[in-house]
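Chain by chain, the residues run as shown.
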Amino acid sequence: MNPQLDGMKHVRPTSEPGLEGNVMLLHEALARSRMHEAQQAAAEWALARELTAGRRWEWLARFAERRAVRARAVAHREVGMSARGLRSAV
């Protein structure tokens, strides 16, 4: 800890000008700074979650598309086989 601040630990914070008032302002400034940092970290975290979710939905859409293409191909083959089977029976 800063040696200059050791002596100020026992100073009662007030809103009066002078050393005591400066201590109050220091605490307020530190609190504001921490709050700003917390808000900035939360915003960055939200952006990261949004990007991750976007990538996840892209992957899911590609996966669903591949499954749909395969299902259509299988259905097309089965329809073709049953049609051929009917023609040969006639």
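Rules of the game
- Residues numbered from 1 in each chain as written.
- Predicted model: local features only at pLDDT ≥ 70, side-chain atom pairs only at ≥ 80, totals over all residues.
- Heavy atoms only, no water.
- Helix = DSSP H or I, 4+ residues; strand = E, 2+ residues; numbered from the N terminus.
- Buried < 20%, exposed > 50% of the residue type's maximum accessible area, 1.4 Å probe, protein only.
- Areas by Shrake-Rupley, 256 points an atom, 1.4 Å probe, with all protein chains shown as cover.
- Salt bridge = Lys/Arg side-chain N within 4 Å of Asp/Glu carboxyl O.
- Patch = residues over 30% accessible without salt bridge, like charges linked within 9 Å, V, L, I, M, F, W, Y side chains within 5 Å.
- Phe/Tyr/Trp six-rings, centres within 6.5 Å; stacked < 30°, edge-to-face > 60°.

1. Quick notes on the overall build of the protein
Moving on, step 1. A tally of helices and strands in the protein yields 2 helices and 0 strands.
Moving on, step 2. Burial status across the protein gives 4% buried among its 90 residues.
Moving on, step 3. Accessible surface, the protein as shown: approximately 8,200 Å² in total, 61% of it carbon and sulfur.

2. Examining the pattern of salt bridges
Moving on, step 1. Following the criterion strictly, the structure yields 2 salt bridges and no others.
Moving on, step 2. Its salt-bridge partner being E28, residue R32 comes within 3.8 Å of it at the nearest N-O pair. Here R32 and its partner E28 are both found in helix α2 (residues 19-89), 4 residues apart, which amounts to about one turn of the helix.

3. Quick word on a nonpolar patch on the surface
Moving on, step 1. Taken together, the side chains of W57, W59, L60 and F63 make up a nonpolar region of the molecular surface, amounting to roughly 450 Å² of accessible area.
Moving on, step 2. Structurally, the position occupied by W59 is in helix α2.
Moving on, step 3. On the accessibility criterion, W59 (45% relative accessible area) is partly exposed.

4. With respect to the packing of aromatic side chains
Moving on, step 1. Summed over the entire model, instances satisfying the criterion amount to 1 aromatic pair.
Moving on, step 2. Plain terms: the ring middles of W59 and F63 are 5.5 Å apart, the flat faces sit at 10° to each other, and that makes the pair stacked. Separated by 4 residues within a single helix, W59 and F63 lie in helix α2, roughly one turn from each other.
Moving on, step 3. For F63, a relative accessible area of 31% puts it in the partly exposed group.

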